[in-house]
Amino acid sequence: MILGVNIDHIAVLREARAINDPDPLQALGIVARAGADQITIHLREDRRHIHDDDAKKIIDSSPLPVNLECSVNPDIIEIVAGLKPHRATIVPENRQEVTTEGGLDINEPNFSNIDKATHYLKAREIEISLFIDPTVEAVRAAKTIGATWVEFHTGRYANIYAMLYSNLPKTHHSIEEFEMERSKLQKLLYREVERIKRACEEAVEFGLKVAAGHGLNYQNVKTIAAIPQIEELNIGQSIIARSVFTGLESAVREMVALVNR
Ligand code: PXP
């Protein structure tokens, strides 16, 4: 299993004080030494964490391939084309969101914008992944557009899991949509895993490479990592959160061991 470590959250911590500490650049060697395979970063339109010069320095000096997440905004696509990362993952972006809340909307007019951005970056020899919801329609759209990879958004799975197996329902972070009896949540979780599995099978039948990510952590990752079609997981928040207590190298090593079990 390829593990991409999303290091945006190191920059989130830096931005809390708007100084230059901690520097996400320092994570590169540690993540590589801990056995991960890829660095993932997101250059958001509002530059709320990773900045242009972070992206440039990380791409220029990373010992691991860099997966750069970006929206289809033409200014951002132009920057990505200039940065030439190993891969660009096109994601939806909404200024108000705390994090990427769902997969790309593959209906018109968004389809045309994703299609245009994909062709522009592919022509510059940048591998393309599309961050999509685990649906057959989205997989078909990704195939039509000509992506090499699809990354399935596992946020819904992670939310249901957290409402079932953590104290989340008792906190002010409880997710209203999933406030229901445990037996119903269990059924929903089962159905969500089945939906992800079906989308994975469809993607592989279409010749697409399959990644997954969002909300994956040390508790919930096993079920997703066990899906045979999934070649890669991109994980950020849980690894950086654990690193506060155990150090980044140990947090990455633990995740590497879990996803390869
Ligand atoms: N994959 C993609 C495409 C993402 O946008 C993100 C961050 O939102 C992740 C993976 C990692 O998600 P998390 O930080 O919840 O692990």
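Placed above this text is the structure.
These remarks concern the structure in this document. Per chain, the residues get numbers from 1 upward, laid out in the order the sequence is written. This being a predicted model, a pLDDT of at least 70 is required before a residue's local features are given, and a value of 80 or more before pairs of side-chain atoms are given or counted; all residues contribute to the totals for chains, interfaces and linings. Think of the side-chain values as coming from all heavy atoms in the structure, minus any hydrogens and water.

**A short note on the pattern of salt bridges**
No. 1: For this document, the term salt bridge refers to a Lys or Arg side-chain nitrogen within 4 Å of an Asp or Glu carboxyl oxygen. One pass over the full model with this rule turns up 18 salt bridges.
No. 2: Put simply, Lys209 and Glu231 hold a salt bridge, and the shortest N to O gap is 3.4 Å. Linking Lys209 in strand 7 (residues 209–213) with Glu231 in strand 8 (residues 230–235), this pair joins segments that are 22 residues apart in sequence.
No. 3: Partly exposed residues are those whose accessible area sits between 20% and 50% of the maximum for their type, while under 20% is buried and over 50% is exposed, using a 1.4 Å probe and protein chains only. Accessibility expressed as a relative area gives 32% for Glu231, which makes it partly exposed.
No. 4: Close ionic contact of Arg253 with Glu249 constitutes a salt bridge, the shortest N to O distance being 2.8 Å. With Arg253 and Glu249 both in helix 11 (residues 248–259) and 4 residues apart, this pair spans about one turn of that helix.
No. 5: Assessed through its relative accessible area of 40%, Arg253 is described here as partly exposed.
No. 6: Salt bridges sharing common partners tie together Arg156, Glu177, Glu192 and Arg195. The helix and strand labels rest on DSSP assignments: H or I over at least four residues marks a helix, E over at least two residues marks a strand, and numbering proceeds from the N terminus.

**A look at the packing of aromatic side chains**
No. 1: Stacked, tilted and edge-to-face are the three classes assigned to paired rings of Phe, Tyr and Trp, where Trp is represented by its six-membered ring and a pair needs centres within 6.5 Å; plane angles under 30 degrees give stacked, over 60 edge-to-face, the rest tilted. Throughout the structure, instances matching the rule amount to 2 aromatic pairs.
No. 2: With 6.0 Å between their ring centres and 50° between their planes, Tyr157 and Tyr161 make a pair best called tilted. Remark: Tyr161 and Tyr157 occur in helix 7 (residues 155–165); sequence separation between them is 4 residues, near one turn of the helix. An identical accessibility class is assigned to Tyr157 and Tyr161; each is buried.
No. 3: Seen from their ring centres, Tyr161 and Tyr165 are 4.8 Å apart, and the 55° between their planes marks the pair as tilted.

**Quick word on the environment of Phe178**
No. 1: Note on placement: Phe178 falls in the loop between helix 7 and helix 8 (182–205).
No. 2: Along the backbone, Phe178 and Tyr161 are 17 residues apart, and their C-alpha atoms lie at a distance of 9.9 Å.
No. 3: The contact partners of Phe178, leaving out residues within four places of it in the chain, are Arg156, Asn159, Ile160, Met163, Leu185 and Leu188. Contacts were defined at the residue level, with two residues in contact if any of their heavy atoms lie within 4.5 Å.

**Considering the pairing of strand 3 (residues 66–70)**
No. 1: Extensive coverage of strand 3 is indicated by the burial of 5 of its 5 residues.
No. 2: Side chains Val66, Leu68 and Cys70 of strand 3 all project onto a buried face; the interleaved residues Asn67 and Glu69 project onto the opposite face, where all are buried too.
No. 3: What makes two strands pair is DSSP finding at least two bridges between them. Judged from the 4 bridges that link them, strand 2 (residues 38–42) and strand 3 form a sheet pairing that is parallel. Note on strand 3: the bridge partner recorded for His42 is Glu69.
No. 4: For a crossover, the right-handed case is the one in which the path from the first strand over the helix to the second runs clockwise, viewed with the strands pointing away from the viewer. The parallel pair strand 2 and strand 3, bridged by helix 3 (residues 52–61), forms a crossover whose chirality is right-handed.
No. 5: Handedness of the β-α-β unit built from strand 3, helix 4 (residues 74–83) and strand 4 (residues 87–90) comes out right-handed.

**Some thoughts on the packing of helix 6 (residues 136–145) against helix 8**
No. 1: Between the N-to-C directions of two axes lies an angle of 0 to 180 degrees, each axis being a line fitted to C-alpha atoms and, for a helix, fitted only over the stretch in contact. The contact between helix 6 and helix 8 brings their axes to 9 Å, and the two run at 25°. Overall, the two elements helix 6 and helix 8 adopt an arrangement that is roughly parallel. Crossing geometry of helix 6 relative to helix 8 is assigned as right-handed. Residues Val136, Val139 and Arg140 of helix 6 form the contact with helix 8, whose participating residues are Ala199, Glu202 and Ala203.
No. 2: Across the contact of helix 6 with helix 8, the residue classes tally to 4 nonpolar, no polar and 2 charged. When describing relative orientation, an angle under 35 degrees is termed roughly parallel and one over 145 degrees roughly antiparallel, while 65 to 115 degrees is termed roughly perpendicular and anything else oblique. Take the far helix as your reference; a near helix turned counterclockwise from it by less than a right angle gives a left-handed crossing, and one turned clockwise gives a right-handed crossing. For this classification, Asp, Glu, Lys and Arg are treated as charged, while Ala, Val, Leu, Ile, Met, Phe, Trp, Tyr, Cys and Pro are nonpolar and the rest, including Gly, are polar.

**Regarding the site of the ligand**
No. 1: The environment of the ligand is made up of 14 residues, and the closest members are Glu69, Glu151, Gly215, Gly236 and Gln237.
No. 2: Gly215 places a main-chain nitrogen or oxygen 2.8 Å from an oxygen atom of the ligand.
No. 3: Contact distances for the ligand include 2.8 Å between an oxygen atom and a backbone N or O atom of Gly236.
No. 4: For the accessible areas, the method is Shrake-Rupley and the probe is 1.4 Å, while residue cover comes only from the protein chains on display. In the complex, 94% of the free accessible area of the ligand, which totals 400 Å², lies under the protein chains.
No. 5: Across the shell around the ligand, the residue classes break down as 3 nonpolar, 9 polar and 2 charged. Working definition: residue near molecule or strand if any one of its non-hydrogen atoms lies within 4 Å of it. Two N or O atoms form a polar contact when they lie within 3.5 Å of each other; inside protein one atom must be a possible hydrogen donor and the other a possible acceptor, and for residues adjacent in sequence the pair counts only when both atoms belong to side chains.

**Describing helix 4**
No. 1: Among the residues making up helix 4, those that are buried are Ile76, Ile77, Val80, Ala81 and Leu83. An end-on view of helix 4 places all buried positions within 165° of arc, on one side of the element. Exposed residues lying more than 90 degrees from the buried face of helix 4 are Pro74, Asp75 and Gly82.
No. 2: Packed against the buried residues of helix 4 are helix 3, strand 3, strand 4 and helix 5 (110–122).
No. 3: Of the residues flanking the start of helix 4, the one acting as N-cap is Asn73, its side-chain oxygen 2.8 Å from the backbone nitrogen of Asp75.
No. 4: One or two steps after helix 4, the chain reaches Lys84, where phi turns positive at roughly 50°. When we speak of the arc, we mean the arc of directions from the helix axis to the C-beta atoms.

**What to know about unusual backbone geometry**
Most of the time, phi is negative for any residue but glycine, and the peptide bond is trans.
No. 1: Between Asp21 and Pro22 the backbone carries a cis peptide bond, its omega angle lying at 5°.
No. 2: Within the secondary structure layout, Pro22 lies in the loop between helix 1 (8–17) and helix 2 (27–33).
No. 3: The phi dihedral of Arg47 falls on the positive side, at around 50°, and the residue is not glycine.
No. 4: Tracing the sequence through the fold places Arg47 in the loop between strand 2 and helix 3.
No. 5: One non-glycine residue with positive phi stands out, namely His214, at about 110°.

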